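# Descriptive structure summary
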Amino acid sequence: CEPFARMARETDDHMKIIINQSGYELVLTTDGVEVLLAPGSALFATYMQKVRCKTVIQDENIKFITFNQPFYCVHTNDSEVSCGGLLFFGSSHIPVIAIPESIAGELNHFFCRLESEFDTRDQNQEEMLRMMLKQLIIRFTRLGRDQLLKNSEEMPDAKTIDLIRKFNVLVEEHFREKKQVSDYAELLYKSPKTIDNIFRKHSTKTPLTIIHERVLLEAKRLLIYSDKSLQQITWEIGLEDPAQFSRFFKKKTGLTPGSFREEGLRV
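Notes on the structure in this doc start here. (Residues numbered from 1 in each chain as written. Predicted model: local features only at pLDDT ≥ 70, side-chain atom pairs only at ≥ 80, totals over all residues. Heavy atoms only, no water.)

### Some thoughts on the layout of surface pockets
The cut-off we apply is this: Buriedness of a pocket was judged along seven lines, with at least five required to meet protein on both sides within 12 Å; pockets are open sets of points on a 1 Å grid over the protein atoms alone, cavities are sets where a 1.4 Å probe fits but cannot get out, and lining residues have an atom within 4 Å of a point. Grid points are joined across faces, edges and corners, and a volume is the space filled by probe spheres set on the points. Runs of E in the DSSP output that reach at least two residues are strands. Runs of H or I that reach at least four are helices, and both are numbered from the N terminus. When residues are sorted by character, Ala, Val, Leu, Ile, Met, Phe, Trp, Tyr, Cys and Pro go into the nonpolar class, Asp, Glu, Lys and Arg into the charged class, and all the rest, Gly among them, into the polar class.
By volume, the largest pocket is sized at about 430 Å³. What lines the largest pocket is a set of 18 residues, and nearest its centre among them are Phe 64, Ile 65, Thr 66, Leu 114 and Phe 118. Only strand E6 (62-67), helix H3 (101-118) and helix H4 (125-147) provide two or more residues apiece to the lining of the largest pocket. Among the elements that take part in the lining of the largest pocket, E6 stands out by supplying six residues, more than any other. By residue class, the composition of the lining of the largest pocket is 14 nonpolar, one polar and three charged.

Rendered as structure tokens:
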């Protein structure tokens, strides 16, 4: 487990893709939340999420891919891979994608090519690795469209998927100062009712739930990973006073911020 744990700590400021091709379940934690990564599945996390592993890992079938923003910025280049708000920066959710049997062989071939490319030292290596990373992200983005959106009688069209992704990204960018669905509807040039109807049809969460969960996630991160006071955290997440923050936090978690911080430090 130590090599994975050390790599996870050293790449906290990287984007992360963890692919489990082993025959056993991985027990991970991210932002204090336990995540079970089943065999034949992949998890996606940003540089804001600290991923740790509770499972002993000595298996070449566990792939841990990390990259930083200078190498490839998925936010800036979203038009190339269309993963923003789906695999990465999707507000509060931790995306886990099941890998169909039909592409398991394709993935194995991809990793063989990737290892070969790492051994090829020339002026084109960096660009080739960047191209391969984009291919991998696009492959999982296509799977994510089918798996991460709620099943409904009709599949959402490209414009609807794009709107859902943009909403999630906007929440990631503005949750500190914008707390109402109407704020994001204005940015998307849609009515709040239109946004609400689309999410009710194609998502498991309402738009307001997504906003609240992102605020809550940031509060949890600050409580676990910083020594900031409740007053400082209240200001940072855009609430008015510590009393409002405590009421909001307890309503969502059943714990006071202080109790959650104590529990989080024990993890």
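After presenting the structure, the write-up continues.
### Thoughts on the environment of Thr 30
Where we set the bar: For every residue, the accessible area obtained with a 1.4 Å probe (protein chains only) is divided by the maximum for its type, and the residue is called buried under 20%, exposed over 50%, and partly exposed between those limits. We call two residues in contact whenever any of their non-hydrogen atoms come within 4.5 Å of each other.
Here Thr 30 lies in strand E2 (residues 26-30). Judged by its relative accessible area of 4%, Thr 30 is buried. Taking the C-alpha atoms as reference, Thr 30 lies 6.2 Å from Gln 49; in sequence the two are 19 residues apart. Aside from chain neighbours lying at most four places away, what touches Thr 30 is Val 35, Gln 49, Lys 50, Val 51 and Ile 94.

### Some points on the side chain of Gln 125
Note the cut-off: Pairs of N or O atoms are called polar contacts if they sit within 3.5 Å, as long as, within protein, a hydrogen donor faces a hydrogen acceptor (for residues adjacent in sequence, only side-chain-to-side-chain pairs).
Structurally, the position occupied by Gln 125 is in helix H4. In this structure the side chain of Gln 125 is engaged in a polar contact, spanning 3.1 Å, whose partner is the backbone oxygen of Thr 120. Not counting residues within four places of it along the chain, the set of residues in contact with Gln 125 comprises Glu 117, Phe 118, Asp 119 and Thr 120.

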